[in-house]
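What follows is the residue order along each chain.
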Amino acid sequence: MKMGKLFLLRHALIRRLASDWSGVSVVEFALVMPFVLSIALYGVEVAYMNTVDMKMSEIALSLADNASRIGQTDNSVVTPTVSETDINEVMRGAQEQAAGLDFANRGRIILSSLERDAATGKQYIRWQRCYGRLARQSAYGNDSTRNGLNGTALAGMGSGTTKITATANSAVMFVEVYYRHEGLLGDLFLDEPVVRKEGAFLIRDNRNLTPGVTGTGGAYPCT
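Here the residue index of a chain counts from 1 through its sequence in written order. Thresholds applied to this predicted model are a pLDDT of at least 70 for local features of residues and 80 or more for the giving and counting of side-chain atom pairs; totals over whole chains, interfaces and linings are not thresholded and use all residues. With hydrogens and water excluded, all non-hydrogen atoms of the structure serve as input to the side-chain values.

A. Representation of the state of the cysteines. Disulfide assignment relies on a single distance test, namely cysteine sulfur atoms paired within 2.5 Å. One pass over the full model with this rule turns up one disulfide. Paired by a disulfide, Cys130 and Cys222 hold their sulfur atoms 1.9 Å apart. The S-S bond linking Cys130 to Cys222 shows a torsion near 90°; that makes this disulfide right-handed. Pair noted here: Cys130 is in strand 3 (residues 123-131) and Cys222 is in the segment after strand 6 (213-214), with a separation of 92 residues, a long-range link. Using a relative accessible area of 5% as the deciding quantity, one classes Cys130 as buried. Residue classification places Cys222 among the partly exposed positions, given a relative accessible area of 32%. Each helix is a run of H or I in the DSSP string that is no shorter than four residues. Each strand is a run of E no shorter than two, and both are numbered from the N terminus. Think of it in three bands: residues with accessible area under 20% of the maximum for their type are buried, residues over 50% are exposed, and the middle band is partly exposed, with areas taken using a 1.4 Å probe on protein chains only.

Listed below in structure tokens is the structure:
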């Protein structure tokens, strides 16, 4: 008799549990939560990477612009040259723009002076300065063994189909920026891609190009 009552009670309890839907939403939420959270975190990572990508574009353009203005405020009657001090200052400005991104260790800036050789008419890199420890070289050459006069001829600079070239007695300040992106969540979603940006500006005023870079104390050799 007792066994029969126990069986009936157990059967009734099972029926009540089977018909109880009060916890379904909680269970469903627990099941889908990992997927929803993953999508949300991925969206945050993509948004952050787009922000960094835009920052690298701004650094490339600002540095090229600032380098093109060197000597613009010089009131001397002597046509100004580019000095190591000038380069130090424009590079320092780029560092301030990249503050908080550990750019010194994860990035590389390459500033080149693209000019036209008067004797041959060829495009060449007269001088080049760099900042950052990321192992990257210019995609176009250097200022010594691959400057356009030595090594392979340089048609111009720029990753597009139409190359940027310098005119006679002028120069283009060309900037390449590389940055190994680090995600907010490490490499969970993004495997530390390297962002690459370029910027270029024609020099704004008369500049004495003959000596290249003058002065001493340069802190940004491309070594």
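B. Seen up close, the side chain of Arg108. Examined against the element boundaries, Arg108 turns out to sit in strand 2 (residues 107-116). When charges are tallied, Lys and Arg are placed among the positive residues and Asp and Glu among the negative ones, while His and the ends of the chain are skipped. Any Lys or Arg side-chain nitrogen located within 4 Å of an Asp or Glu carboxyl oxygen qualifies as a salt bridge. One buried charged side chain, Arg108, makes no salt bridge at all; its nearest oppositely charged neighbour is Glu176, positioned 9.4 Å away. Whenever a nitrogen or oxygen atom comes within 3.5 Å of another N or O atom, the pair is scored as a polar contact, on the condition that within protein one atom can donate a hydrogen and the other can accept it, and that pairs from neighbouring residues in sequence are kept only if both atoms are in side chains. Only 2.6 Å separates the side chain of Arg108 from the backbone oxygen of Gly132, close enough to count as a polar contact. Filtering out sequence-adjacent residues up to four positions away, Arg108 remains in contact with Phe103, Cys130, Tyr131, Gly132, Leu134, Arg136, Glu176, Val177, Tyr178, Cys222 and Thr223. Every residue pair with non-hydrogen atoms within 4.5 Å of one another is taken to be in contact.

C. Spotlight on the pattern of salt bridges. Tallied over the entire structure, the rule returns eleven salt bridges. With a closest N to O distance of 3.0 Å, Lys197 and Asp53 form a salt bridge. Here Lys197, found in strand 5 (residues 194-202), pairs with Asp53, found in helix 2 (residues 24-68); they are 144 residues apart in sequence, far enough to count as distant. A salt bridge links Arg126 to Glu115; the nearest nitrogen and oxygen atoms lie 2.7 Å apart. Remark: Glu115 occurs in strand 2 and Arg126 occurs in strand 3; sequence separation between them is eleven residues. One salt-bridge network, in which partners are shared between bridges, spans Asp65, Arg69 and Arg204.

Everything listed here is a matter of geometry and, on its own, says nothing about what the molecule does.
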